[in-house]
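Residue-level listing of the chains:
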Amino acid sequence: MSLLLDDALSDIRGTPTLRQRDERAYWYDRYRVGTDIKERYLGEDSQQLRDRIEQHERLRTEEAPRRKERARLVRLLRSERFLGLDTATGSLVAALAKAGLFRIGGVAVGTIAFLLYEGELGLRLAADATARTSDIDIASFEKLALGLDESVQPKLEEVLADFSFAPVLSLEKDRAWRWRQSDGESLLEFLTPSFRDDEGIRDLPELGVSARALHHLEYLISDTIHAAAVYREGILVKAPRPERFAIHKLIVAARRRDGPDSLKARKDLMQAELLISILSEDRPADLIEAYKDAVSRGPRWRQRIEASLDRAPKVAELLENAR
């Protein structure tokens, strides 16, 4: 992870600039292109980021040996039976990361995020129903709080076309939130939180795509972590905090249980149970904080969580013992 974070700053082109927004501060790479001044988002201010910015010239000169070391560490993780990302998924996620998707607001959710917790929590996942997927889910807020004057480059539709993905048109013409691979089974979905009564299609200007708006999603992606995807030399991505992911799975499972996605509801509960069993021992305070946050958001939230706990008494027992 440290090597990936270093590399995220090794391509600074101009002058790192700190900008204050409300009570938070953010770093930008400010550089000139012809007569225009451009800004590239680097991250929220922290001592760790400041240290890396101070060392960015050294990091630039050490890029090749760092890549070699990252490849060695990935091989080591593979030898320890980490599943990581398969070739098809890994190559696409790497291309999305290179375009800046995760840097400017994208968050990996769904089973891809679950796989990322191998490194975060020291999981040893079997290639079973909890970890298998041909789908990729990316979430982002409709309007980023950072107010970035930046977009992914190249455009996501160009990146996806290179991997033979084509938009699946929705009822709203020219607004696609799902992309299907023509020569494979992969499905890529873009999601965003809904703060209205409906769950329609919204535009994500910074990412240049449309997304399906879902209730409860803001809880999942409002607090994220950096995660290292096990593929080639590693990929730096953003993922939800694992305790929020686990509680969110309880909510999603209740929404799906009576519909055509009932099989996915079982998978949601399996993933929630595995994560909660680990978090209840390793990070009980974080787990209970995430649980209390969710149930405090209203009766519908509590009803859905309780409905899933009724179906998964072991999970209910783990949460009770973690308090």
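Colleague: Can you break down the overall build of the protein chain residue by residue, with the values?
Modeller: Secondary structure assignment for the protein chain yields 13 helices and twelve strands. When burial is assessed residue by residue, the protein chain has 47% of its 323 residues classed as buried. Element-wise, carbon and sulfur atoms account for 46% of the exposed surface of the protein chain, whose accessible area totals about 16,600 Å².

Colleague: Describe the nonpolar core, and please don't skip the residues or the numbers.
Modeller: Membership of the largest hydrophobic core comes to 73 residues, with the highest contact counts inside it found for Phe190, Ile247, Leu250, Leu275, Ile305 and Leu319. Element by element, the count of residues in this core is highest for helix α6 (residues 110-121), at seven residues. Every residue in contact with Phe190, bar those within four places of it in the chain, is listed here: Ile138, Leu156, Leu160, Trp177, Trp179, Val209, Ser210, Ala211 and Arg212.

Colleague: A description of the pairing of strand β9 (residues 201-204) should follow, citing residues and the corresponding values.
Modeller: As judged from the four bridges shared by β9 and strand β10 (residues 209-214), these two strands associate in the antiparallel manner. Pairing of Leu204 across the sheet is with Val209, part of β10. Where β9 folds back on β10, the antiparallel hairpin that results is connected by four residues, among which Gly208 adopts a positive phi of roughly 70°.

Colleague: Describe helix α12 (residues 299-311), listing the residues and the values that go with them.
Modeller: Along an α-helix, residues three or four positions apart point the same way, because every turn accommodates 3.6 residues. Taking 1.5 Å of rise per residue, the 13 residues of α12 would be expected to cover 18 Å, and the 19 Å separating its terminal C-alpha atoms lies within 8% of that figure. Every buried residue of α12 is accounted for by Trp301, Ile305, Ser308 and Leu309. For α12, the angular spread of the buried residues around the axis is 100°, confining them to a single face. Relative to its buried face, α12 has exposed residues pointing more than 90 degrees away, namely Pro299, Arg300, Gln303 and Asp310.

Colleague: Any chance you could break down the pattern of salt bridges for me, citing the residues and the numbers?
Modeller: Inspection of every chain in the model, using the stated rule, returns twelve salt bridges. The closest approach of N and O atoms between Arg24 and Glu44, which form a salt bridge, is 3.6 Å. One end of the pair, Arg24, is in strand β2 (residues 24-33); the other, Glu44, is in strand β3 (residues 36-44), and 20 residues separate them in sequence. Residue Glu44 is classed as partly exposed on the basis of its relative accessible area of 35%. Put simply, Arg283 and Asp282 hold a salt bridge, and the shortest N to O gap is 3.4 Å. Overlapping salt bridges, with partners in common, bring together Glu218, Arg244, Asp293 and Arg297 in one network.

Colleague: Could you give an account of helix α9 (residues 242-256), naming the residues involved and the relevant values?
Modeller: In a regular helix each residue adds 1.5 Å, so 15 residues correspond to 21 Å; α9 covers 21 Å between its end C-alpha atoms and thus fits that length. Where burial is concerned, most of α9 is hidden: 13 out of the 15 residues are buried.

Colleague: Talk me through the pairing of strand β5 (residues 135-139); I want residue IDs and the actual numbers.
Modeller: β5 sits mainly inside the fold: four of its five residues count as buried. Note: strand β4 (residues 107-109) against β5, three bridges, orientation antiparallel. Bridged to Val109 within β5 is Asp137. Looking at chain direction, β5 and strand β8 (residues 187-193) are connected through five bridges and run parallel. Bridged to Asp137 within β8 is Glu189.

Colleague: Account for empty space enclosed by the protein, with residues named and values stated.
Modeller: Enumeration over the complete set of coordinates arrives at two cavities of 30 Å³ or more. Empty space within the largest cavity amounts to approximately 60 Å³. Considering the residues around the largest cavity, the lining is formed by Gly84, Leu85, Leu115, Leu116, Glu118, Gly119, Ala228, Ala229 and Val230. For the lining of the largest cavity, the secondary structure elements donating two or more residues are α6 and β11 (224-229). Tallying contributions element by element places α6 first for the lining of the largest cavity, with four residues. By volume, the second largest cavity is sized at about 30 Å³. Surrounding the second largest cavity, Ala88, Thr89, Leu92, Ile136, Phe163, Phe165, Gln181 and Ser186 form its lining. Here the element with the most residues in the lining of the second largest cavity is helix α5 (residues 87-98); it accounts for three residues. Classifying every residue of the lining of the second largest cavity gives five nonpolar, three polar and no charged.

Colleague: Give me the packing of aromatic side chains: which residues, what numbers.
Modeller: What the rule picks out here adds up to three aromatic pairs. An angle of 25° between the planes, with centres 6.4 Å apart, marks the rings of Phe114 and Phe245 as stacked. With Phe114 in helix α6 and Phe245 in helix α9, this residue pair connects regions lying 131 residues apart in the sequence. Of the two residues, Phe114 and Phe245, both sit in the buried class. Taking 5.4 Å as the distance between ring centres and 75° as the angle between the ring planes, the aromatic pair formed by Tyr117 and Phe245 counts as edge-to-face. You can see Tyr117 sitting in helix α6 and its partner Phe245 sitting in helix α9, a full 128 residues away along the chain. Since its relative accessible area comes to 1%, Tyr117 is described here as buried. Aromatic ring contacts, followed pair by pair, group Phe114, Tyr117 and Phe245 into a single cluster. We note Arg19 situated over the ring of Tyr28; from NZ or CZ to the ring centre the distance is 4.8 Å.

Each value, and the rule that gives it
Counting restarts for each chain, with residues numbered from 1 along the sequence as it is written. Residues qualify for local features only when their pLDDT is at least 70, as the model is predicted, and side-chain atom pairs are given and counted only at 80 or more; totals for whole chains, interfaces and linings, by contrast, use all residues. Working from all heavy atoms in the structure, the side-chain values ignore hydrogens and water. Only DSSP runs of H or I reaching four residues or more are called helices, and only runs of E reaching two or more are called strands; each is numbered from the N terminus. Here's how the labels work: a residue is buried when its accessible area is under 20% of the maximum for its type, exposed when over 50%, partly exposed in between, all with a 1.4 Å probe on protein chains only. Surface accessibility in these figures is a Shrake-Rupley result with a 1.4 Å probe; residues are shielded only by whichever protein chains are displayed. Think of a nonpolar core as a cluster: buried Ala, Val, Leu, Ile, Met, Phe, Trp, Tyr and Cys residues, connected wherever their side-chain atoms sit within 4.5 Å. A contact between two residues is defined here by any heavy atoms of the two lying within 4.5 Å. By the convention used here, strands pair only if DSSP detects at least 2 bridges between them. Helix span is expected to be 1.5 Å times the residue number reduced by one. To be clear, the arc concerns the directions from the helix axis to the C-beta atoms. We define a salt bridge as a side-chain nitrogen of Lys or Arg found within 4 Å of a carboxyl oxygen belonging to Asp or Glu. With a 1 Å grid spanning the protein atoms alone, the term cavity applies to any set of points in which a 1.4 Å probe fits but cannot get out, the term pocket to an open set with protein on both sides within 12 Å along at least five of seven lines, and the term lining residue to any residue with an atom within 4 Å of a point. Grid points are joined across faces, edges and corners, and a volume is the space filled by probe spheres set on the points. Each residue gets one of three labels, nonpolar for Ala, Val, Leu, Ile, Met, Phe, Trp, Tyr, Cys and Pro, charged for Asp, Glu, Lys and Arg, and polar for the others, Gly among them. In this scheme Phe, Tyr and Trp rings, the latter by its six-membered ring, pair at centre separations within 6.5 Å, and the angle between planes marks the pair as stacked below 30 degrees, edge-to-face above 60, and tilted otherwise. Placement of a charge over a ring requires the Lys NZ or Arg CZ to be within 6 Å of the ring centre, with the centre-to-atom vector within 35 degrees of the ring normal.

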